[in-house]
Structures are given as structure tokens and as C-alpha cells.
Amino acid sequence: MTKYVPRKFILSFIFATSFSALAVADVLPVREDREPEAATGLTIKEVVTAKEFMVAAANPYATQAGYNIIEQGGSAVDAAIAIQLVLTLVEPQSSGIGGGNFMLHWDNAKQQLTTFSGRETAPKAATADMFLKDDGQPISWIKAVVGGRSVGVPGVLKSLKQAHEKYGKLPWSTLFKDAIALADNGFIVSPRLERLVAMKMNPGIWQLDESRNYFFPKGKAIQAGDLLVNKKLAKVYRSLAKEGIEPFYQGWLAKAIVSKVQNSAIAPGRLTLADMQSYNAQEKVAICGPYHQYKICGMAPPSSGGITVIQMLALLEPYNMEQYAPLSLDALHLFTQSSRLAFADRDRYIADPDFADVPVQGMLNADYLAERAKLINLKKDTAKAQPGMPPGAIAKAENVGYGLPSTSHFSIVDKAGNAVSMTTSVEMAFGSALMVEGFLLNNQLTDFSLQPEVNGQLVANRIEPFKRPRSSMAPMMVFNQDDSLKLVVGSPGGSRIINYVAQAMIAILDWQLTPQQAVSLPRITNRNKVTTIEKGSSLELLKPLLEARGHKVYIRDLNSGLHAIELDKGVLIGGADPRREGTVLGQ
């Protein structure tokens, strides 16, 4: 057993030991297949503290926009809207108004937690064989991604407008000012955006005219330090600021989106104006479960993040993770084993509950999880875990699909103690690569299982008209015994999001690390396949030891983008993942 390491385990030590094999500098690593938003290097970041409010977001422009809104008297929801509008411009590879989102909102005065889902829906004309070849096998993932076929009805704006009507303080139009100014006058292209464009990891941005003209003006890729202007997006924002979201779902923008999808030069899609007009965001009750003295809460399905993170921590609770050091072999082994079990259930059961019977309560049942936890072998990898049969479950086939890591997360606590944890995505890096009036459209239909049945059994997450695809997004909040807010956290990273978020939560709740220390820890994942450890970190030294326990170990770039805010005795403590360009601001 490794000696417990207290909170004084400082950031400099983490970097000195955890990334000793990797200079904290600009690198251009080899990316893993189906990890399209590649790693672009590490930047040392210091913990940020504040008393009144805090914003942690994925790009400095976006963080500043959220900060400005709260400083003007805006709410956490107001700040979230301003952040998303700016991210659409400055981080187009990850999220935007052409995509979808999941948001947790904490109303501090009412002590009430609710969630808003802006998950995309499949068009009415969607069919189960949309992504199958003539032989009945799924097409290659990149062919599924690019073009109109993969586009679902975008939900971000509908979700944010719904949240603003309940929890906004500033006028809707006010929230657009920073984004309009940046789009009109230009923003400085970041090194990360430069690299992701240059790598052409999504070939669609070169193959489709509007994206190519924007990202490769005069045939040359945009470069870090360039001033990039987006007058079309500024026009869109002026329209939305003045008229609300009606132009997007009913009017000129809706028509432009539908035309772009149906007339795509690559894989034309089936989206119609009626699909846009009929879209509804959803307000849902959060999914919560106990962990030690805390209550941890996340999104309900079709997000798989909330349930799977809660399952992972529940499976680990009997093993007292606080007794292990953050980078110890035993701790990492236990983490991978809990993830195997949780992912087995996730892949079998979680889908859109409006179309599938998802045994949510059964999957979180304490007795069921206690029995599942007994399957963990302390000294040996169990290989592929089989799904359990939680109370209320109906047998389904395992999902066959991809969860890609082009996503963004931000965490916010405002002056009144209200909080937002929001994860937002266009799915693949640069989404479908279809650009409409200055913003990119999602490819979220590839989050469905591309294969509707396996061995004669229907897959719960198969494509159906109006259905919302399963997601791995996992915006989370943690509450103390007295129901006061403890932690706001989330990450991008495809289906690895679940592991990234769970690891950060354990680091803060069990190992007493600061949010910055927690999000800076080297990453380890296991999605019930192989154990993957972060390339360039000292975890590479544990590879032979894990293999001795039966693990099949891969070494890869693990590109998390965690943003966390902890509330501790009246102090807000924030952290931004060193693997991306996010920042934390507070007052």
C-alpha cells in the first residue's frame, strides 16, 4: 500500500514527476485513430483562487467574455451563453451553435439542481441503414462523419434560450456583444487552432468550399497570430441578438442550414425545415448518487456520462481510494477495473430514454453495485467485463459506434453562488465540416450505433427518427452533506470523458488535491478494452507493472480538457487543463 499524499502535493511536483519524459512545450504528437482533436502540447498553469465568482473555460477569449458578463451583474447562465457564442468563433473545432450541449444548473437561493439538454435529434427521414454499406457493414468512420448525412438538428441555442428564460438576469441581446465584436473585428488564431487546421484531421474542411475558404484562405492554412475575421457570424449574432432564436429554427438561418445539408457536395443529408421547427430542448432532473459523504450529480440519458461516472465511483467506494497515492499502481489498477464494469453496462443499456428502456435506477441500485464491485480483482486485470443485469433491465446488443473528442467544457460560479457545468460539442473535430453563415454544423448522428443490430439483437442506441444519440459528455457537480455546492467539473474527450472526469473527482475528493493539481495529473483510461496511459508521463514507467497484472497497455496522447472549480470554506479554487488553451478568471 502506498502512503497517502495530502493536499500539499504541489503542482510543480506533479509536473516534475508526471511529465518528466515530456518537455512542457510545443509538440506535435502522433494521434490515435478516432482521436481526431489531437493533443497540441502542455502549458504549466497555476491554481486560481477567488472570493466572489469564477469562470473556467477552454479559450482565453471565452473565459474573458464570461467574466465580463458576471462582472456586469449577469448570472452563471448569462455567462454560459456568452462563452458559447465566443467559443463558436474561436474554438470552432470543438463546439458551436451548430452543435449540442448538456448543462447542469445550480440555483443557490432555491437550493435546486436542474439540467438542460440541447442534444441533437435525428431527422424524421432517418433510417437504421443510413451508415451501412451494401453488405450490411458500417461504412468507415470518416466517411460517416463528413457531409450532410451526419448532421442532427442543432440544440445548443434552444437549450441556452430555455435556461436564460428561467435563470438569466441580463437581457438576451447583451450576451452577444463580446462575440459580435470579436467576429467583426477579428480574433488572434491560437497555436492549437493552427495545428488542428494544418493537420487536416477532418478532411472535410479542405474538401468543402465554405470551410476551405475560411480555414485555408488563398489556399494557405490559417496560422497562429493571424487575425481571423468572421463577418458572416457577426451577422448571424446580430440577428439572434435582436430576434431571439426564431431565425435559427424557423427563419432564414433554418433555411440556410437545411439547404446546406441537403445540397452537400459530400453525402447529402435528410434534414428538413420541419425537423428544425419541431426541435425541443429538454429540462430534466439530474442523476445523483452517494460517494462517501458527498452527493455526486450528472446528466440523465441520453448522456451516458452521469450514470457511468456515478457507477465508477460507487464501485470504487469499498476500496477506499483515499488510502492510495494519486499515481500509485494499486490506485490506477482499481480505477481501470471500475471503469471496465461501468463501461460494460453503459455500452449495453444507455440510449435515448424516449426510445429505449434505460434501467437508470437499476444501474444505480446500491445492492447491484455492491455485487458488481466484488468482481474487481485487486491484483489482476479482469479482461473484458460483461454487463450486469441491473433491476429492470432488458437484454440489448452492445453499441457499435464512435464517441469522438471534439468537445469543450466550462465551469462557472456566479456572485450569488449559482453554478453551471456545461459540456458542448460538434462531435468530430470541425464537426461535419459543413459551414453555414460562418459556423460549423455537427456530425452527431455518428454518435448513434452505425450498426442497428448485432447477432439478431437490436442495439439500444441505433438510429431512429427524432431520436437523440447517446453521448459521453459528463458535466458534473458534487455537493456536501449539507447540500452546499462542493465541485463543478467536466471535460471534452469523446468516450474517455468519463474516465477523465472520474479521475479528477477522485483526485479532489479522495486525495485532497487542488483542482489545478487534479486536472494536471497524467491520465489513464480503460473503456472495457485496453488500459491506455498518457504518452510522455511518468505513468509509462508503470507499463510493465500493469502488464504483470494482466493489462494490455497502450501508450497514447490523452487529450483531456478538464475545467474545475472547487468551493472550499468560502474560497473558489479553479483549474484549467494544461493540455489545452483554457484559462480561469475570478474575482
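What counts as what
- Each residue is numbered by its place in its chain's sequence as written, counting from 1.
- This being a predicted model, a pLDDT of at least 70 is required before a residue's local features are given, and a value of 80 or more before pairs of side-chain atoms are given or counted; all residues contribute to the totals for chains, interfaces and linings.
- Calculation of side-chain values draws on the structure's entire complement of heavy atoms; hydrogens and water are dropped beforehand.
- Each helix corresponds to a stretch of at least 4 residues labelled H or I by DSSP, and each strand to a stretch of at least 2 residues labelled E; elements are numbered beginning at the N terminus.
- The globule rule used for comparison is 2.2 Å times the number of residues to the exponent 0.38, while the radius of gyration itself is calculated over C-alpha atoms.
- Each residue gets one of three labels from its accessible area relative to the maximum for its type: buried under 20%, exposed over 50%, partly exposed in between, using a 1.4 Å probe on protein chains only.
- Throughout, a residue-residue contact means that at least one pair of heavy atoms, one from each residue, lies within 4.5 Å.
- Only the protein chains shown count as cover for residues, with accessible areas throughout obtained via the Shrake-Rupley method and a probe of 1.4 Å.
- Within 3.5 Å is the distance limit for a polar contact, defined as a pair of N or O atoms, with the added protein rule that one can donate a hydrogen and the other accept it, and that residues adjacent in sequence qualify only through two side-chain atoms.
- Whenever a carboxyl oxygen of Asp or Glu lies within 4 Å of a side-chain nitrogen of Lys or Arg, that contact is scored as a salt bridge.
- Think of it this way: a Phe, Tyr or Trp ring, Trp meaning its six-membered ring, pairs with another when their centres are within 6.5 Å, and the plane angle makes it stacked under 30 degrees, edge-to-face over 60, tilted otherwise.
- Over a ring means this: the NZ of a Lys or the CZ of an Arg is within 6 Å of the ring centre and within 35 degrees of the ring normal.
- Two cysteine sulfurs form what is called a disulfide whenever their separation falls within 2.5 Å.
- Patch building starts from residues that exceed 30% relative accessible area and form no salt bridge, then joins like charges within 9 Å and nonpolar side chains (Val, Leu, Ile, Met, Phe, Trp, Tyr) within 5 Å.
- Note: two strands are recorded as paired if DSSP finds a minimum of 2 bridges between them.
- As a rule, the C-alpha atoms of each element are fitted with a line to give its axis, helices using only the stretch in contact, and angles between N-to-C directions run from 0 to 180 degrees.
- Directions drawn from the helix axis to the C-beta atoms are what define this arc.
- Note on scores: pLDDT gives the predictor's confidence for each residue, bounded by 0 and 100.
- Just so you know how the angles are binned, under 35 degrees is roughly parallel, over 145 roughly antiparallel, 65 to 115 roughly perpendicular, and the rest oblique.
- Two helices cross in a left-handed way if the nearer one is turned anticlockwise from the farther one by less than a right angle. They cross in a right-handed way if the turn is clockwise.
- Note on residue categories: nonpolar means Ala, Val, Leu, Ile, Met, Phe, Trp, Tyr, Cys or Pro, charged means Asp, Glu, Lys or Arg, and polar means any other residue, Gly included.

Regarding the overall build of the chain
Okay, so step 1: Looking only at helices and strands, the chain features 20 helices and 23 strands.
Okay, so step 2: Computed over the C-alpha atoms, the radius of gyration of the chain is 22 Å, within 12% of the 25 Å expected from 2.2 N^0.38 for a compact globule of 587 residues.
Okay, so step 3: Structurally, the chain occupies a C-alpha span of about 60 × 55 × 50 Å along its principal axes.
Okay, so step 4: The proportion of buried residues among the 587 residues of the chain is 65%.
Okay, so step 5: Long-range pairs, those at least 24 residues apart, make up 74% of the contacts in the chain with a sequence separation of at least 6.
Okay, so step 6: With an accessible surface of roughly 19700 Å², the chain has 52% of that area assigned to carbon and sulfur atoms.

Brief notes about the side chain of Glu-534
Okay, so step 1: Within the secondary structure, Glu-534 sits in strand β19 (residues 531-534).
Okay, so step 2: For Glu-534, the side chain forms a polar contact with the main-chain nitrogen of Arg-523, separated by 2.9 Å.

Remarks on the pattern of salt bridges
Okay, so step 1: Inspection of every chain in the model, using the stated rule, returns 23 salt bridges.
Okay, so step 2: Among the ionic pairs, Arg-579 bridges to Glu-534, the shortest N-O distance being 2.9 Å. One end of the pair, Arg-579, is in the loop between β22 (571-576) and β23 (583-586); the other, Glu-534, is in strand β19, and 45 residues separate them in sequence. Pair check on accessibility: Arg-579 and Glu-534 agree, each one buried.
Okay, so step 3: Across the salt bridge formed by Glu-547 and Lys-543, the nearest N and O atoms sit 2.6 Å from each other. With a gap of 4 residues between them, Glu-547 and Lys-543 both fall in helix α20 (residues 543-548), about one helical turn apart.
Okay, so step 4: One connected set of salt bridges, linked through shared partners, spans Arg-119, Glu-120 and Asp-447.

Notes on the packing of aromatic side chains
Think of a pair of aromatic rings as described by two things: how far the centres are apart, and how the planes are tilted against each other in angle.
Okay, so step 1: By the definition in use, this model includes 12 aromatic pairs.
Okay, so step 2: Geometry around Trp-206 places Lys-200 over its ring, the cationic atom sitting 4.1 Å from the centre.

Observations concerning the state of the cysteines
Okay, so step 1: For the structure shown, the criterion picks out 1 disulfide.
Okay, so step 2: The disulfide partner of Cys-288 is Cys-297, and the gap between their sulfur atoms is 2.1 Å. Taking the sign of the S-S torsion, 110° for the link of Cys-288 and Cys-297, the bridge is right-handed.

Some remarks on a nonpolar patch on the surface
Okay, so step 1: The grouping of Ile-188, Leu-227 and Val-229 at the surface amounts to a nonpolar patch, some 250 Å² of accessible area in total.
Okay, so step 2: Looking at the secondary structure, you find Val-229 in the loop between β6 (227-228) and α10 (231-243).

Quick notes on the sheet that holds β19
Okay, so step 1: Taken together, 3 strands build an open sheet; the order of strands is β18-β19-β20 and the sheet is mixed. The sheet terminates laterally at β18 (524-526) and β20 (553-556), the two strands that pair on one side only. On average, each strand axis in the sheet is inclined to that of its neighbour by 25°, with strand direction left out of account.
Okay, so step 2: In this structure, β18 lies alongside β19, joined through 3 bridges in antiparallel fashion. Bridge pairing in β19 links Ile-524 to Ile-533.

Things to note about helix α12 (residues 252-262)
Okay, so step 1: When we look at burial in α12, the residues that qualify are Leu-253, Ala-254, Ile-257, Val-258 and Val-261. The buried residues of α12 all sit within an arc of 135° when viewed along its axis, so they share a single face.
Okay, so step 2: Close packing links the buried residues of α12 with α10, α11 (246-249), α13 (273-277), β12 (435-436) and β13 (439-440).

A closer look at the sheet that holds strand β16 (residues 476-479)
Okay, so step 1: With respect to topology, 7 strands assemble into an open sheet ordered β1-β22-β21-β17-β16-β9-β8, the strand pairing being antiparallel. Looking along the sheet, the strands with just one partner apiece sit at the ends: β1 (48-50) and β8 (287-291). Mean inter-strand twist for the sheet, computed between neighbouring axes without regard to direction, equals 20°.
Okay, so step 2: As defined by bridge partners, β8 adjoins strand β9 (residues 294-298) across 5 bridges and the pair is classed as antiparallel. Bridging across to β9, Gly-289 finds its partner in Ile-296.
Okay, so step 3: Helix-sheet contacts for helix α14 (residues 305-316) involve β8, β9 and β16, and the interaxial angle to β8 is about 10°.

Re the confidence of the model for the chain
Okay, so step 1: Taken residue by residue, the chain gives an average pLDDT of 91. The fraction at 70 or more is 91%.
Okay, so step 2: Segment residues 1-34: pLDDT under 50, and 94 contacts once partners within four positions in sequence are set aside and those in other chains are kept.

Let's talk about helix α17 (residues 366-373)
Okay, so step 1: Taken residue by residue, α17 has Tyr-368, Leu-369, Arg-372 and Ala-373 as its buried positions. The arc enclosing the buried residues of α17, seen along the axis, measures out at 135°, which places them on a common side. Exposed residues on α17 whose side chains face more than 90 degrees from its buried face are Ala-366 and Asp-367.
Okay, so step 2: Residues of α17 that are buried sit in contact with α14, α15 (329-349) and α16 (360-363).
Okay, so step 3: The N-terminus of α17 is capped by Asn-365, whose side-chain oxygen sits 3.0 Å from the backbone nitrogen of Asp-367.

Re the packing of α15 against helix α18 (residues 497-509)
Okay, so step 1: Remark: α15 packs on α18, axes separated minimally by 11 Å, with the N-to-C direction vectors making an angle of 135°. By the angle class used here, α15 and α18 are oblique. Crossing handedness for the pair α15 and α18: right-handed. Contact residues: α15 offers Phe-335, Ser-339, Phe-343 and Arg-346, while α18 offers Ile-498, Asn-499, Ala-502, Gln-503 and Ile-506.
Okay, so step 2: Here the contact of α15 with α18 is built from residues that sort into 5 nonpolar, 3 polar and 1 charged.

Here's the deal with the side chain of Thr-88
Okay, so step 1: Within the secondary structure layout, Thr-88 lies in helix α3 (residues 76-90).
Okay, so step 2: Thr-88 gets classed as buried once you look at its relative accessible area, which sits at 5%.
Okay, so step 3: Reaching out from Thr-88, the side chain makes a polar contact with the backbone nitrogen of Ile-97 at a distance of 3.2 Å.
Okay, so step 4: Not counting residues up to four positions away in its chain, the partners in contact with Thr-88 are Ser-95, Gly-96, Ile-97, Leu-233, Tyr-237 and Phe-439.

Regarding the pairing of strand β2 (residues 54-57)
Okay, so step 1: Residues Met-54 and Ala-56 of β2 are buried on one face, and the alternating residues Val-55 and Ala-57, pointing to the opposite face, are buried as well.
Okay, so step 2: Examined bridge by bridge, β2 and β23 share 4 bridges and lie antiparallel to one another. Within the sheet, the bridge partner assigned to Ala-56 lies in β23 and is Val-584.

Details of the environment of His-409
Okay, so step 1: Mapped onto the secondary structure, His-409 falls in strand β10 (residues 406-413).
Okay, so step 2: For His-409, a relative accessible area of 0% corresponds to the buried category.
Okay, so step 3: Between the C-alpha atom of His-409 and that of Ser-95, which follows or precedes it by 314 residues, the distance is 9.2 Å.
Okay, so step 4: In contact with His-409, not counting residues within four places along its chain, are Ala-56, Ala-57, Ala-58, Ser-421, Met-422, Thr-423, Pro-475, Val-489, Gly-490, Ser-491, Pro-492 and His-563.
Okay, so step 5: For His-409, the side chain forms a polar contact with the side chain of Ser-411, separated by 3.0 Å.

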